[in-house]
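Each chain is listed here by its residues.
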Amino acid sequence: MKKKLQFSFLLPTLLIAAVVGHDYGDALSKSILFFEGQRSGYLPQDQRLAWRGNSGLSDGWTYNTDLVGGYYDAGDNVKFNFPMSFTTTLLSWSIIEFGDSMPPHELRNALVAVRWATDYLLKTVSQPNRIFVQVGDPNIDHNCWERPEDMDTERTVYAVDAPNAASDVAGETAAALAAASMAFRSSDSGYAETLLRNAVKAFQFADSYRGAYSDNPYIRDGACPFYCDFDGYQDELLWGAAWLRRASQDDTYLNYIEMNGKTLGADENINEFGWDNKHAGINVLVSKEVLEANKYTLQSYKASADSFMCTLVPESSSSHIDYSPGGLIYKPGGSNLQHATTISFLLLVYANYLAKTSQSVNCGNLYVTPASLRLQAKKQVDYILGSNPLGLSYMVGYSNNFPQRIHHRGSSLPSIKDHPQFIACKEGSIYFNSTNPNPNVLVGAVVGGPGKDDAYNDDRVDFRKSEPTTYINAPFVGVLAYFAANPNPS
């Protein structure tokens, strides 16, 4: 029998611009600060990115309801609840797994970032048999280059009423509220209970009226092609149930993920994780119960998690993740760093689960240790922070060399504090087309990032590379918290 090897990652070596260490603590602080630049609603007195102002203050008026608050997903002025709730789940998971590694003031800032989202998400499920899924018409919004503070576009509200389906958004909202309830449990138990109670309600809506929200013709016109449910709603049902199980320890949800795994496709698309496809995240999350509580009825989830980890090992026979010449995980479709940050997060979470139970991953002819998984995550983090062929930090405001012309309305237009005069929809075009650096630094924003060839042009127009999103940053918060406390992991 061939001897199995203890394995460490070996990626192709090449000349990479020299960077002497990274200040992960500084990057962590900035990754959290970024969310203040994405805020919608009334900004508090302690708002640190002072170039932003109040915006979206009448959101919800067409339904005679308060939908003020939440986050703009990226460089536009639309509130898409599907990626916003995923952002909230990942921010909360970052705190659950790595909050103990955060300095107390940064843990507090991270919880504030979560609450800015959850206060809004609670509003979206506040009415019986209805979930609000979006505010703002992206087709109209994207036709303007306008500061959020100046928005004069129609703030269309998209709602789904039973028996119409929104299993994807409702399931992800349930996951977000359940995960956030765990994040707040030790500091605000009353709020945590409110979150969990509403998570249960959101999941009931998701499971009772099954289907994708973007299959609704009224919703499709606003959600697609931006945040269509391309991969089906089934994964969000499992994801929501898995988080309710984790947060409540209620066996009802354990039975749900045991009984519905096959019918809801738990063993399909297991190598994907992002705002649309939750499968790899579900498998890692559920594996905790297999590893730590010997719940062998969930063994199939752990087998899929192991399989996913093996795909990330270049020497594994099942490896099929592409890397750029500089070592960055690459998947086609644009905004590539969303894959690098989410996968790095899962690598670290799974490494912790394995290490706690003194286990490793069997990838056929080799064993992959927790230390190996952490090393792989570190390579991705260091690449993003500047250890790459261009020597460019893809986090705005980190180091002395970072993107200056990001695809972001508020950052690229003059601040309302410096230029209080109204800038109309089309009047902003001169700023969009300008080659000048953005006047307002969106500190902590991680842009979409380079392509498969490691190339990056600092070009505002190229939104696939130059636009930041909340769901790139959310898992990166947890990753940076780990490396700030463990800069040389083992």
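This text goes with the structure placed above it.
Let me begin by describing the structure that accompanies this report.

Reading the values: the criteria
Residues numbered from 1 in each chain as written. Predicted model: local features only at pLDDT ≥ 70, side-chain atom pairs only at ≥ 80, totals over all residues. Heavy atoms only, no water. Helix = DSSP H or I, 4+ residues; strand = E, 2+ residues; numbered from the N terminus. Rg over C-alpha atoms; globule rule 2.2 N^0.38 Å. Buried < 20%, exposed > 50% of the residue type's maximum accessible area, 1.4 Å probe, protein only. Core = buried A, V, L, I, M, F, W, Y, C linked by side-chain atoms within 4.5 Å. Contact = heavy atoms within 4.5 Å. Disulfide = S-S within 2.5 Å. Polar contact = N/O pair within 3.5 Å; in protein donor to acceptor, adjacent residues only side chain to side chain. 1 Å grid on protein atoms, 1.4 Å probe; cavity = no way out; pocket = protein on both sides within 12 Å on 5 of 7 lines; lining within 4 Å. Points joined across faces, edges and corners; volume = space filled by probe spheres on them. Nonpolar A, V, L, I, M, F, W, Y, C, P; charged D, E, K, R; others polar. Salt bridge = Lys/Arg side-chain N within 4 Å of Asp/Glu carboxyl O. Pairing = 2+ DSSP bridges. Axes fitted to C-alpha atoms, helices over the stretch in contact; angles between N-to-C directions. Parallel < 35°, antiparallel > 145°, perpendicular 65-115°, else oblique. Left-handed = near helix turned anticlockwise from the far one by under 90°. Phe/Tyr/Trp six-rings, centres within 6.5 Å; stacked < 30°, edge-to-face > 60°. Lys NZ or Arg CZ within 6 Å of the ring centre and 35° of its normal.

Re the overall build of the protein
Right, on to step 1. Counting secondary structure elements, the protein contains 17 helices and 8 strands.
Right, on to step 2. For a compact globule of 490 residues, the expected C-alpha radius of gyration is about 23 Å, and the protein comes in at 21 Å, within 12% of that figure.
Right, on to step 3. If one aligns the C-alpha atoms of the protein with their principal axes, the spans along those axes are about 75 × 55 × 40 Å.
Right, on to step 4. The proportion of buried residues among the 490 residues of the protein is 62%.

Structural notes on the nonpolar core
It is characteristic of soluble globular proteins that their nonpolar side chains tend to be buried jointly.
Right, on to step 1. Residues Trp93 and Tyr350 are the most contacted members of the largest nonpolar core, which totals 148 residues.
Right, on to step 2. Not counting residues within four places of it along the chain, the set of residues in contact with Trp93 comprises Trp239, Trp243, Arg246, Phe273, Gly281, Val284, Leu285, Phe345, Leu346, Val349 and Tyr353.

Observations regarding the state of the cysteines
Right, on to step 1. Counting across every chain of the model gives 3 disulfides.
Right, on to step 2. The partner cysteine of Cys224 in its disulfide is Cys228, sulfur to sulfur 1.7 Å. Handedness of the Cys224-Cys228 disulfide follows from its S-S torsion of about 120°: it is right-handed.
Right, on to step 3. With a relative accessible area of 14%, Cys224 lands in the buried category.

Notes on the side chain of Asp73
Right, on to step 1. Here Asp73 lies in the loop between α1 (24-37) and β2 (79-80).
Right, on to step 2. At a separation of 2.5 Å, a polar atom in the side chain of Asp73 contacts the side chain of Tyr227.
Right, on to step 3. Setting aside chain neighbours within four positions, we find Asp73 in contact with Gln38, Val78, Phe80, Pro83, Tyr227, Pro468, Thr469 and Thr470.

Focus on the layout of surface pockets
Right, on to step 1. Quantified by volume, the largest pocket comes out at close to 950 Å³.
Right, on to step 2. Of all elements in the fold, only α12 (337-356), α15 (429-432) and α16 (463-466) reach the threshold of two or more residues within the lining of the largest pocket.
Right, on to step 3. In terms of residue class, the lining of the largest pocket is built from 15 nonpolar, 13 polar and 9 charged.

Observations regarding empty space enclosed by the protein
Right, on to step 1. For the structure on display, the rule yields 3 cavities of 30 Å³ or more.
Right, on to step 2. Quantified by volume, the largest cavity comes out at close to 60 Å³.
Right, on to step 3. Together, Val396, Phe402, Pro403, Gln404, Ile406, Ser411, Asn438, Asn440, Val441 and Leu442 line the largest cavity.
Right, on to step 4. Each residue belonging to the lining of the largest cavity can be placed in one class, and the counts come to 6 nonpolar, 4 polar and no charged.
Right, on to step 5. In terms of lining residues, the second largest cavity is bounded by Gly37, Gln38, Arg52, Tyr72, Ala74, Gly75, Asp76, Asn77, Pro148, His408, Arg409 and Gly410.
Right, on to step 6. Residues belonging to the lining of the second largest cavity are distributed by class as follows: 3 nonpolar, 6 polar and 3 charged.

Brief notes about the pattern of salt bridges
Right, on to step 1. Per the stated rule, a full pass over the model turns up 24 salt bridges.
Right, on to step 2. For Asp458, the salt bridge is made with Arg405, and the minimal N-O distance between the two is 3.1 Å. Within this pair, whereas Asp458 is found in the loop between α15 and α16, its partner Arg405 is found in the loop between α13 (370-385) and α14 (409-412), the two being separated by 53 residues in sequence.
Right, on to step 3. Linked by salt bridges that have partners in common, Glu36, Arg39 and Arg48 make up one network.

Concerning the sheet that holds strand β4 (residues 157-161)
Right, on to step 1. A sheet is described by the order of its strands in space; here 3 strands give the open sequence β2-β3-β4, paired in antiparallel fashion. Looking at which strands have only one partner, the edges of the open sheet turn out to be β2 and β4.

What to know about the packing of helix α5 (residues 167-184) against helix α8 (residues 234-248)
Right, on to step 1. Between α5 and α8, the shortest axis-to-axis distance is 8 Å and the interhelical angle comes to 20°. Viewed along their axes, α5 and α8 adopt a mutual orientation that is roughly parallel. Both α5 and α8 take part in a crossing whose hand is left-handed. Across the interface between the two elements, Ser167, Asp168, Gly171, Glu172, Ala175, Ala178, Ala179, Ser181 and Met182 of α5 pack against Glu236, Leu237, Trp239, Gly240, Trp243, Leu244, Arg246 and Ala247 of α8.
Right, on to step 2. Residues of the contact of α5 with α8, tallied by class, amount to 9 nonpolar, 4 polar and 4 charged.

Some remarks on the packing of aromatic side chains
Right, on to step 1. If you walk through the whole model with that rule in mind, you get 27 aromatic pairs.
Right, on to step 2. Taking 6.0 Å as the distance between ring centres and 70° as the angle between the ring planes, the aromatic pair formed by Phe98 and Tyr482 counts as edge-to-face. Residue Phe98 is located in helix α2 (residues 81-98), and its partner Tyr482 is located in helix α17 (residues 470-485); the two are separated by 384 residues in the primary sequence. The same class applies to Phe98 and to Tyr482, which are both buried.
Right, on to step 3. In this structure an aromatic cluster arises from ring pairing among Tyr24, Phe86, Trp93, Phe98, Trp239, Trp243, Phe273, Phe345, Tyr482 and Phe483.
Right, on to step 4. Across from the ring centre of Trp116, 4.3 Å away, lies the NZ or CZ of Arg39, which sits over that ring.
Right, on to step 5. Above the plane of the ring of Tyr191 lies Arg115, whose end atom (NZ or CZ) is 3.6 Å from the centre.

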